[in-house]
Amino acid sequence: MRTELPPAVATALAEARRIVVFTGAGMSAESGVPTFRDDLTGLWARFDAEQLATPEAFQADPDLVWGWYEWRRARVRRAAPNAGHLAVAELETRVPGTVVITQNVDDLHERAGSRAPVHLHGSLFAPRCTGAAAHPADVPDPGADPGEGGRLTPPGCAQCGAPVRPGVVWFGEALPRAALTTAIDAASDCDVLLTVGTSGMVYPAAEIPRIAMLTGATVIQVNPDPTPLDAVCAANLRGTAAQVLPALVAAAQR
Ligand code: OAD
């Protein structure tokens, strides 16, 4: 399918030297990774993602929460980057001043060839120790897939024996400081920001497109549905990441 771009969007991209690509779960939807605000399916249907993604849930039932993340990690391992991820990597080649900022905990940007995506919400592939030092922990990769709805006891840290936890940001936790600083700096100093596949409902990440708009960038949204970010965007392209991003990237300078 060919996407016609509004002329102002094509011009902004053709002239841009510093571009931020800000992505959410919709970026990976066409790779078969469910978004957050989709209802959970199958055996997970009786749980709410926002309730599983908390320190309290892990404390109350570590096997349930570790099982959920290990099931998601196994699913991401089986997924492949889609045309949207590949287009983002191509954009980095065309416009070297491109910074990719993602809320996603998968590794599909990396596997598509993106150089150094900034992970605001951590990664499924960076588990860490729950002990005082909170250092990175090794877990088997690939791990045991507990299957949908499956429970799995978190392994003990090889150094101190404390349970290992997913290396993701949970609700109520602070974002990694270096990632947030990089994201704010890039958003404050870009010509164009593409916000792709995010509901724009989770803060502080949802501030990133607003910061770009307030500092004079052209903010372009790719999402099949309206979001609270519509109001900050100069253009709202109602399509999917895999459909729309290749056309946007083709409009960027070489
Ligand atoms: P959401 O699940 O909240 O939103 C996904 C967005 O993607 C929605 O606006 C959909 O309309 C859109 N979408 C769906 N399919 C798409 C496609 N093929 N192409 C483009 N857009 C599509 O996911 P996020 O906004 O990423 O945080 O959620 C933000 C954060 O909330 C997540 O990082 C996670 C979650 O709870 C933490 O775990 C801390």
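Residues numbered from 1 in each chain as written. Predicted model: local features only at pLDDT ≥ 70, side-chain atom pairs only at ≥ 80, totals over all residues. Heavy atoms only, no water.

For the rest of this paragraph, the subject is the site of the ligand. Near the ligand, the surroundings consist of 22 residues, among which Phe36, Arg37, His121, Thr198 and Ser199 are the closest. For the ligand, an oxygen atom lies 2.7 Å from a polar atom in the side chain of His121. Within the side chain of Asn223, a nitrogen or oxygen atom sits 2.8 Å from an oxygen atom of the ligand. Protein contact buries 90% of the 790 Å² of open area that the ligand shows by itself. Grouping the amino acids of the shell around the ligand by side-chain chemistry returns eight nonpolar, eleven polar and three charged. Two domains share the shell around the ligand, each providing at least three of its residues, namely domain 1 (1-32 + 80-121 + 174-254) and domain 2 (34-78 + 126-168). (Near = heavy atom within 4 Å. Polar contact = N/O pair within 3.5 Å; in protein donor to acceptor, adjacent residues only side chain to side chain. Areas by Shrake-Rupley, 256 points an atom, 1.4 Å probe, with all protein chains shown as cover. Nonpolar A, V, L, I, M, F, W, Y, C, P; charged D, E, K, R; others polar. Domains from an automatic or database assignment.)

Before going further, it helps to spend a moment on the sheet that holds strand E8 (residues 235-237). One open sheet holds the six strands; their spatial order is E3-E2-E1-E6-E7-E8, and the pairing between them is parallel. The open sheet terminates on both sides in strands that have one partner only, identified here as strand E3 (118-119) and E8. As paired elements, strand E2 (residues 98-102) and E3 share two bridges and run parallel to each other. Paired with Thr102 across the strands is His119, a residue of E3. (Pairing = 2+ DSSP bridges. Helix = DSSP H or I, 4+ residues; strand = E, 2+ residues; numbered from the N terminus.)

Right, let's get into the environment of Ala132. As for its position among the elements, Ala132 is in the loop between strand E4 (122-129) and strand E5 (164-168). Remark: the alpha-carbon pair of Ala132 and Pro166, spanning 34 residues in sequence, is separated by 15 Å.

With that out of the way, let us pick up unusual backbone geometry. Excluding glycine, most residues fall at negative phi; most peptide bonds, likewise, are trans. For the peptide bond that leads from Tyr203 to Pro204, omega is 5 degrees, which places it in the cis range. Along the chain, the position of Pro204 falls in the loop between strand E6 (192-196) and helix H8 (207-214).

Let us now look at the domain arrangement of the protein chain. Along its sequence, the protein chain is carved into domain 1 (1-32 + 80-121 + 174-254) and domain 2 (34-78 + 126-168). Contact residues are listed per partner, giving 13 residues for domain 1 and ten residues for domain 2. For the pair domain 1 and domain 2, the summed buried area comes to about 810 Å², and 56% of that belongs to carbon and sulfur atoms. On the domain 1 side of the interface with domain 2, the three residues burying the most area are Ala25, Gly32 and Val105, jointly 38% of the side's total. Counting across the interface, domain 1 meets domain 2 through one salt bridge. (Contact = heavy atoms within 4.5 Å. Buried area = accessible area lost by both parts, 1.4 Å probe. Salt bridge = Lys/Arg side-chain N within 4 Å of Asp/Glu carboxyl O.)

A few words now on the pattern of salt bridges. Scanning all chains against the criterion turns up ten salt bridges. Between Asp107 and Arg77 there is a salt bridge, with the nearest N and O atoms lying 3.6 Å from each other. In this pair, Asp107 is assigned in the loop between E2 and helix H6 (108-112) and Arg77 in helix H4 (residues 62-78), connecting sequence segments 30 residues apart. Since its relative accessible area comes to 12%, Asp107 is described here as buried. The shortest N-O distance in the salt bridge between Asp107 and Arg111 comes to 3.0 Å. Classification of Arg111 as partly exposed rests on a relative accessible area of 36%. (Buried < 20%, exposed > 50% of the residue type's maximum accessible area, 1.4 Å probe, protein only.)

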